[in-house]
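Chain and residue survey
Here's the letter readout for the chains.
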Amino acid sequence: MKTNRRRIGTLTAGLLMLVAALATPAASADNGGAEYVALGDSGAATTGVQHFDTGAPLQCAQSTVNTPKLVAADLGLRVDDRSCSSAKIKDLTGYQAAGIAPQFDALGPATRLVTVHIGANDTEMTRYVLGCHLAGIRGGSCADPSWDPSIDAIAPAYSAALRRITELAPNARIFVDGWPLYVRDGGCPELVGLRPSDASTIQRAFDRLNTVVARAAAEQGATYIDTKPASLGHDMCAPVGVRWFDPVVASETLTPYHPTVQGMRGVADVVTAAIRAAS
């Protein structure tokens, strides 16, 4: 009788452990970290309504053909893609929302490659860009004096995040990709809906963001990847099928100022080439 009780107790304990294991999300590679970890916001995560990845948290709006997944396929790596729409630098270390764990949870000693694309949401880029579009309708200037300081202000947090990646994944190479060309000089008012001067103001802001991020990457020993040169001729003024970003009337992604499938492929090509060159 005692033997049966012991067997029942052992079986019960085993079942409880199994239930606990199933209820607790497993860490990447048993806490060792994934081989390739992709960190970022919607610029890395989504192509809007196209190729929606139902295996990722729905709020993240990940695409099955986003830059991280394309890079992983190009390099023959398995990626733990933690990129998520609306993510900010704080979401690298904290829960972005229920069910969306800190992106850094994927990192560990086994991690060999990390790509990072984040920071635009921290600068409230959407608010400023919208202000430029409204300025064209209402009249007045879109050159908000607080825009440049808001971009510069992310530098300490960005540097700290890169430093923390090095601590969590000491064996990884870190690659930071910047923002491509959104709108050519002078713009195209009939398509993008911006006055020429406002188009230039918006692009200067993205260029400034690139400068801030590139400086942080250099300070922390990460590799910055300049994606702007390859994007010339592929901005929002380019035809459908050529442009890397959808304009205000977003006919492909339904998400203005976000990457198209062609944009993700174009950036992935640049990132893959940079990683191979560094190897």
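Up top you'll find the structure we're talking about.
Residues numbered from 1 in each chain as written. Predicted model: local features only at pLDDT ≥ 70, side-chain atom pairs only at ≥ 80, totals over all residues. Heavy atoms only, no water.

1. Regarding the packing of aromatic side chains
- Counting across every chain of the model gives four aromatic pairs.
- Arranged with centres 3.9 Å apart and planes meeting at 15°, the rings of Tyr-182 and Phe-206 form a pair that is stacked. In this pair, Tyr-182 sits in the loop between strand E4 (173–177) and helix H7 (189–192) while Phe-206 sits in helix H8 (residues 196–219), placing the two residues 24 residues apart along the sequence. As far as burial versus exposure is concerned, Tyr-182 and Phe-206 are alike and both buried. (Phe/Tyr/Trp six-rings, centres within 6.5 Å; stacked < 30°, edge-to-face > 60°. Helix = DSSP H or I, 4+ residues; strand = E, 2+ residues; numbered from the N terminus. Buried < 20%, exposed > 50% of the residue type's maximum accessible area, 1.4 Å probe, protein only.)

2. Points about the nonpolar core
- Among the nonpolar cores identified, the biggest contains 69 residues, and Val-116, Met-125, Trp-147, Tyr-158, Leu-162, Ile-165 and Val-176 are the most heavily contacted of them.
- Ranked by the residues each element gives to this core, the list is headed by H8, at nine residues.
- Every residue in contact with Trp-147, bar those within four places of it in the chain, is listed here: Met-125, Tyr-128, Val-129, Cys-132, Cys-142, Thr-201, Ile-202 and Ala-205. (Core = buried A, V, L, I, M, F, W, Y, C linked by side-chain atoms within 4.5 Å. Contact = heavy atoms within 4.5 Å.)

3. Notes on the pairing of strand E1 (residues 36–40)
- Burial analysis of E1 places five of its five residues in the buried class, which makes it a mostly covered element.
- Neither face of E1 is exposed, since Tyr-36, Ala-38 and Gly-40 on one face and Val-37 and Leu-39 on the opposite face are all buried.
- Pairing between E1 and strand E3 (residues 113–117): five bridges, direction parallel. From the neighbouring strand, Leu-39 faces E3, where its bridge partner is Val-116. (Pairing = 2+ DSSP bridges.)

4. So, the environment of Ile-151
- If you trace the backbone, Ile-151 turns up in helix H5 (residues 147–152).
- In this structure the C-alpha to C-alpha distance between Ile-151 and Val-212, which are 61 residues apart in sequence, comes to 7.6 Å.

5. Some words on helix H6 (residues 155–168)
- The end-to-end C-alpha distance of H6 is 20 Å, a good match for the 20 Å that 14 residues give at a rise of 1.5 Å each.
- Looking only at H6, the buried set comprises Tyr-158, Ser-159, Ala-161, Leu-162 and Ile-165. Angular distribution of buried residues about the axis of H6 spans 160°; they occupy a single face of the element.
- Each element contacted by the buried residues of H6 is listed here: E1, E3, E4 and H8. (Expected span 1.5 Å × (residues − 1). Arc of directions from axis to C-beta.)

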